[in-house]
Amino acid sequence: MAGSYRRVTMPNKQGLELAGILEEAGKCKGEEEVCILCHGFRSSKDSSTLSSLSKALVEAGMSTFRFDFQGNGESQGEFAYGNYWREVEDLRAVIEYWKAQGRRVETIIGHSKGGNCVLLYASKYHDVPNIVNISGRFSLDAGVMTRLGGQEGLQKLEKDGFLDIKDGAGNVEYRVTKESLEDRLSTDMNAACLAIPKECHVLTIHGAKDEVVPVEDAYKFSQKISTHSLSILDNANHGYRSHQRDLAQCVLDFVKDG
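Let me begin by describing the structure that accompanies this report. Everything numeric in this text was worked out from a predicted model, so none of it was measured.

1. Some points on the overall build of the protein
For step 1, the next point in the chain: Check the secondary structure of the protein and you find nine helices and 10 strands.
For step 2, the next point in the chain: Rg of the C-alpha trace for the protein: 18 Å, near the compact-globule value of 18 Å for 258 residues, within the 12% margin.
For step 3, the next point in the chain: Taken along its principal axes, the extent of the C-alpha atoms in the protein is 60 × 40 × 35 Å.
For step 4, the next point in the chain: The buried share of the protein, taken over its 258 residues, is 53%.
For step 5, the next point in the chain: For the protein, the proportion of contacts with a sequence separation of at least 24, taken over those separated by at least 6, is 69%.
For step 6, the next point in the chain: The positive charge centre, built from 31 side chains, and the negative charge centre, built from 37, are 1 Å apart in the protein.

Shown next, in the form of structure tokens:
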């Protein structure tokens, strides 16, 4: 099915421009409905996971909008570690924008940290009936030490009030502050899951070979969310590098059933 592709920006509540890509499905229900896709940590709307998923949805007749959270990709603002609830409000601004354009938003999809974002959104705002969490992390205290460089990094953060995370060549990729670390550690996914109403349908997809977020986290979501479906993809990693088609089929089956 032929579609169209265009860049769209809209302001968030701080007045920062959020950049995104609208892919229209053509003359079908996609003309009215738009599915929102959210990227993960230090990623963007152009990630291969979101791009591939968007293409599959459009081909199946559903328009999509994938965007960059503030401080990421082409959106305005400063990148910051943590800030889970700030990204929820970015998503809120996007949804309100499309509703003001006369579009329906019935499905929001997030990959990795974006998965956390859509679940947190569902716990606070009860206006989107279908939520897809792809490889989100349940236990946000996990993975911190690895990212900070172990106990030595944590001690430096405590001493200096910040820690610069560097790549293999020694270039600073981003900064972690004590405040931003606390933001992550205080974000309670257990409480959020319990606050998602039963009228909201949640699908969690996770790769059995995920090297970033343990597959056990997916089972924790399944235990805590009242109306929940779980799909574990054998041999898939965190980015679904060799399983893009399987990932898309799981999402499509869920959306069609919804």
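2. Digging into the nonpolar core
For step 1, the next point in the chain: One finds I36, F65, L91, W98, I108 and I131 to be the most contacted residues of the largest nonpolar core, which totals 37 residues.
For step 2, the next point in the chain: Looking at this core, the elements that each hand over two or more residues are strand 1 (4-11), strand 2 (17-24), strand 3 (34-38), strand 4 (63-67), helix 2 (84-100), helix 3 (113-124) and helix 7 (189-195).
For step 3, the next point in the chain: In contact with W98, not counting residues within four places along its chain, are V8, M10, L22, V34, I36, F65, R103 and V105.
For step 4, the next point in the chain: Formed by 22 residues, the second largest nonpolar core is a distinct cluster that contains I109, V132, L233 and A236.

3. Examining the packing of aromatic side chains
For step 1, the next point in the chain: A complete count under the given rule lists 11 aromatic pairs for this structure.
For step 2, the next point in the chain: Consider the rings of F79 and Y174, whose centres lie 5.7 Å apart with planes at 70°: the pair is edge-to-face. Highlighted residues: F79 in the loop between strand 4 and helix 2 and Y174 in strand 8 (residues 172-177), separated in sequence by 95 residues.
For step 3, the next point in the chain: Y174 sits in the buried class, given a relative accessible area of 5%.
For step 4, the next point in the chain: What links up through ring pairs into an aromatic cluster is the set F65, F67, F69, Y97 and W98.
For step 5, the next point in the chain: The lysine or arginine in question, R92, covers the ring of Y125, its NZ or CZ lying 4.0 Å from the ring centre.
For step 6, the next point in the chain: Here the basic side chain of K113 rests over the ring of Y84, its NZ or CZ set 4.6 Å away from the ring centre.

4. Quick notes on the state of the cysteines
For step 1, the next point in the chain: Per the stated rule, a full pass over the model turns up zero disulfides.
For step 2, the next point in the chain: Left unpaired, C35 is separated from the closest cysteine sulfur, that of C38, by 9.1 Å.
For step 3, the next point in the chain: With no disulfide partner, C200 has as its closest neighbouring cysteine sulfur the one in C193, 11 Å distant.
For step 4, the next point in the chain: Given a relative accessible area of 5%, C200 falls into the buried group.

5. So, the pairing of strand 6 (residues 130-134)
For step 1, the next point in the chain: Taking burial as the measure, the five residues of strand 6 include five buried ones, the bulk of the element.
For step 2, the next point in the chain: Alternating positions in strand 6 separate into two faces, N130, V132 and I134 on one and I131 and N133 on the other, with burial throughout.
For step 3, the next point in the chain: Between the parallel elements strand 5 (residues 107-111) and strand 6, the chain passes through helix 3 in a crossover that is right-handed.
For step 4, the next point in the chain: Relative to strand 9 (residues 201-207), strand 6 is paired through five bridges, and the arrangement is parallel.

6. Some points on the side chain of S231
For step 1, the next point in the chain: Relative to the helices and strands, S231 resides in strand 10 (residues 228-233).
For step 2, the next point in the chain: Assessed through its relative accessible area of 16%, S231 is described here as buried.
For step 3, the next point in the chain: Setting aside chain neighbours within four positions, we find S231 in contact with L203, T204, I205, H206 and C250.

Reading guide: rules and limits
- Residues numbered from 1 in each chain as written.
- Predicted model: local features only at pLDDT ≥ 70, side-chain atom pairs only at ≥ 80, totals over all residues.
- Heavy atoms only, no water.
- Helix = DSSP H or I, 4+ residues; strand = E, 2+ residues; numbered from the N terminus.
- Rg over C-alpha atoms; globule rule 2.2 N^0.38 Å.
- Buried < 20%, exposed > 50% of the residue type's maximum accessible area, 1.4 Å probe, protein only.
- Contact = heavy atoms within 4.5 Å.
- Lys, Arg positive; Asp, Glu negative; His and termini not counted.
- Charge placed at Lys NZ, Arg CZ, Asp CG, Glu CD.
- Core = buried A, V, L, I, M, F, W, Y, C linked by side-chain atoms within 4.5 Å.
- Phe/Tyr/Trp six-rings, centres within 6.5 Å; stacked < 30°, edge-to-face > 60°.
- Lys NZ or Arg CZ within 6 Å of the ring centre and 35° of its normal.
- Disulfide = S-S within 2.5 Å.
- Right-handed = clockwise from strand over helix to strand, strands pointing away.
- Pairing = 2+ DSSP bridges.

These results come straight from atomic positions and should not be treated as a statement about function.
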